Amino acid sequence: MTSAEDKHTTGPGRPTSRDVARLAGVSHTAVSFVFNGRAAGNLSPATQERIRQAAAQLGYRPDPVARGLRRRRTAVIGLVTDEIASSPFAGRLLRGAMETAWASEHLVLTIDSGGDPAKEDAAVAELLDRRVDGIIYAAMSLRRVRVPEGLHRTHSVLANCLPEDDSLPAVIPAERAGGRTAARLLLDQGHRRIAHIGGMDDIASVERLRGFRDALRAEGITVPKEWVVRTGGEISGGYEGATRLLDGADPARRPTGVFCYNDRVAAGVLHAATRLGIAVPGELSVVGYDDQEHMAAFLTPALTTVALPHRAMGEAATRLLLDAIGTGRTPPATVRRLACPVVTRASVGPAPGPAL
């Protein structure tokens, strides 16, 4: 009988499992046992090694399509994104997903929709037509998302976003805990006059500010309303907010520490401090958020920040998906929050003078 592998070849001259069997002097079934993970208990170690040596000599590799036909799997997972390909963090998330998949002998097929819902639905339909084993949907920024049509027809996991209908499992950053961490970086250096600059109308802004207030409240500190300056998420917003807080203010009464919504805002704060002649970190300590690649480490001074766990999200979402594929069970629609680690550089120092 001809096997599915012998029927399906990728080109002329491709060695088959029957060629390996002839060279090793064993049955075709023995070769199948070795490359399908069933050799233990069926073949001696010496026979297994002889088969592997014959395969290496011939340059034989099991046909993934044939294996997929037998297992009813393709060993491919889909990754649909909104606008993540244009994000500075895309590489980290994608690398985490691809390397985790590769370690489990899976490939990742990525499609970027550009944020177009119709394209998202079409992308998912195309992946389903290609019989992927499961799909990860990843977003550029943490938000609630409309679940693309078709995700409920296969194993699916969300990364860096939450489903509007709470119908699928999601892996996201622990943003509130990250805000607490950022505040503690300043509190632990004796700062008590601490401001917050930046932020938008999104989940991350709300959660980071909540965590920031949690940490200060635990120390009996109330942040003055005017020290929470919502100016967006860009460098210009950081510059505007810092100028509003610091320009002309009495050094004995102005903030000595600033927690910024993200690293771009922090860059604006550093620029404003330089223009105003305020030394960082001697007179003002600055904490960012994101650990933006090619930016945070190259500011002056280099920015202490709280990193978003993009690589870890890619890894965790892929492991969750592979577990579901392996067991055949749909994972519960729970939210897993990953810690946001501190990256210590040079923009935070002790509070100047006695702590108030």
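Above this text you will find the structure in question.
Model, not experiment: these values are computed from the prediction.

Student: Mind showing me how you'd approach the pattern of salt bridges here?
Tutor: A pair can form between side chains of opposite charge whenever their charged atoms are brought close. On inspection of all chains with the given rule, the structure shows 22 salt bridges. We note a salt bridge from Asp-121 to Arg-146, for which the minimum N-O separation is 2.5 Å. Taken as a pair, Asp-121 in helix H7 (residues 117-129) and Arg-146 in the loop between strand S4 (144-145) and strand S5 (155-159) lie far apart in primary sequence, 25 residues in all. Arg-146 sits in the partly exposed class, given a relative accessible area of 32%. Residues joined by salt bridges that share partners form a network here, namely Arg-176, Arg-180, Asp-214 and Arg-217.

Student: Just checking my understanding: could you explain the sheet that holds strand S7 (residues 170-173) for this structure?
Tutor: Across a sheet, strands are paired by hydrogen bonds formed along the backbone, either parallel or antiparallel in direction. Read from one edge of the open sheet, 6 strands run S2-S1-S3-S5-S7-S13, paired in parallel fashion. Whereas interior strands pair on both sides, the edge strands pair on one side only; in this sheet they are strand S2 (107-112) and strand S13 (335-338). Taking the axes of each pair of neighbouring strands and ignoring which way they run, one obtains an average angle of 20° across the sheet.

Student: Sorry if this is basic, but what is going on with the sheet that holds strand S12 (residues 304-307) here?
Tutor: Read across the open sheet, the 6 strands follow the order S9-S8-S10-S11-S12-S14; overall the sheet is mixed. Pairing within the sheet leaves two strands with one partner each, and these edge strands are strand S9 (228-229) and strand S14 (342-343). Across 3 bridges, the pairing between strand S10 (residues 257-260) and strand S11 (residues 285-290) is parallel. Its bridge partner being in S11, Val-258 is matched across the sheet by Val-286.

Student: Got a minute to help me understand the side chain of Thr-231 in this structure?
Tutor: Within the secondary structure layout, Thr-231 lies in the loop between S9 and helix H10 (235-246). A distance of 2.8 Å separates a polar atom in the side chain of Thr-231 from the backbone oxygen of Gly-237. With near-sequence residues (within four places) excluded, Thr-231 lies in contact with Ile-197, Gly-198, Gly-199, Gly-237, Gly-238, Glu-240, Gly-241 and Arg-244.

Student: Teacher, can you tell me more about the packing of H10 against helix H11 (residues 263-276) here?
Tutor: The angle between the axes and the distance between the axes are what describe a pair of packed helices. Between H10 and H11, the least distance of the axes is 6 Å, while the angle of their chain directions is 45°. The orientation of H10 relative to H11 falls into the category oblique. As H10 packs across H11, the resulting crossing turns out to be right-handed. Together, Ile-235, Gly-238, Tyr-239, Ala-242, Thr-243 and Leu-246 of H10 and Arg-264, Val-265, Ala-267, Gly-268, Val-269, His-271, Ala-272, Arg-275 and Leu-276 of H11 make up the contact between the two elements.

Student: Please clarify how the packing of aromatic side chains should be interpreted in this entry.
Tutor: Here a ring pair, both rings aromatic, is described through the centre-centre distance and the interplanar angle of the planes. Per the counting criterion, the structure on display carries 3 aromatic pairs. Both rings, one in Phe-212 and one in Phe-259, keep their centres 5.6 Å apart while their planes meet at 35°; by these two values the pair is tilted. Placement of the pair is Phe-212 in helix H9 (residues 203-218) and Phe-259 in strand S10, with a sequence separation of 47 residues. In this pair, the class of Phe-212 matches that of Phe-259, namely buried. Relative to Tyr-289, the ring of Phe-259 lies with its centre 6.1 Å away and its plane at 50°, an arrangement referred to as tilted. Pair noted here: Phe-259 is in strand S10 and Tyr-289 is in strand S11, with a separation of 30 residues, a long-range link. On the accessibility criterion, Tyr-289 (0% relative accessible area) is buried. Just above the ring of Phe-35 sits the side chain of Arg-52; from NZ or CZ to the centre is 5.9 Å.

Student: Help me out: how do you make sense of unusual backbone geometry in this one?
Tutor: Phi is mostly negative for residues that are not glycine, and the peptide bonds are mostly trans. With an omega of 10°, the peptide bond between Val-280 and Pro-281 qualifies as cis. With respect to the helices, strands and loops of the structure, Pro-281 is situated in the loop between H11 and S11. The amide bond that connects Thr-300 to the next residue, Pro-301, takes the cis arrangement and shows omega of -5°. In this structure, Pro-301 sits in the loop between S11 and S12. Positive phi outside glycine occurs at Arg-131, with the angle close to 60°. As for its position among the elements, Arg-131 is in the loop between H7 and strand S3 (134-138).

Reading guide: rules and limits
Residues numbered from 1 in each chain as written. Predicted model: local features only at pLDDT ≥ 70, side-chain atom pairs only at ≥ 80, totals over all residues. Heavy atoms only, no water. Salt bridge = Lys/Arg side-chain N within 4 Å of Asp/Glu carboxyl O. Helix = DSSP H or I, 4+ residues; strand = E, 2+ residues; numbered from the N terminus. Buried < 20%, exposed > 50% of the residue type's maximum accessible area, 1.4 Å probe, protein only. Pairing = 2+ DSSP bridges. Axes fitted to C-alpha atoms, helices over the stretch in contact; angles between N-to-C directions. Polar contact = N/O pair within 3.5 Å; in protein donor to acceptor, adjacent residues only side chain to side chain. Contact = heavy atoms within 4.5 Å. Parallel < 35°, antiparallel > 145°, perpendicular 65-115°, else oblique. Left-handed = near helix turned anticlockwise from the far one by under 90°. Phe/Tyr/Trp six-rings, centres within 6.5 Å; stacked < 30°, edge-to-face > 60°. Lys NZ or Arg CZ within 6 Å of the ring centre and 35° of its normal.

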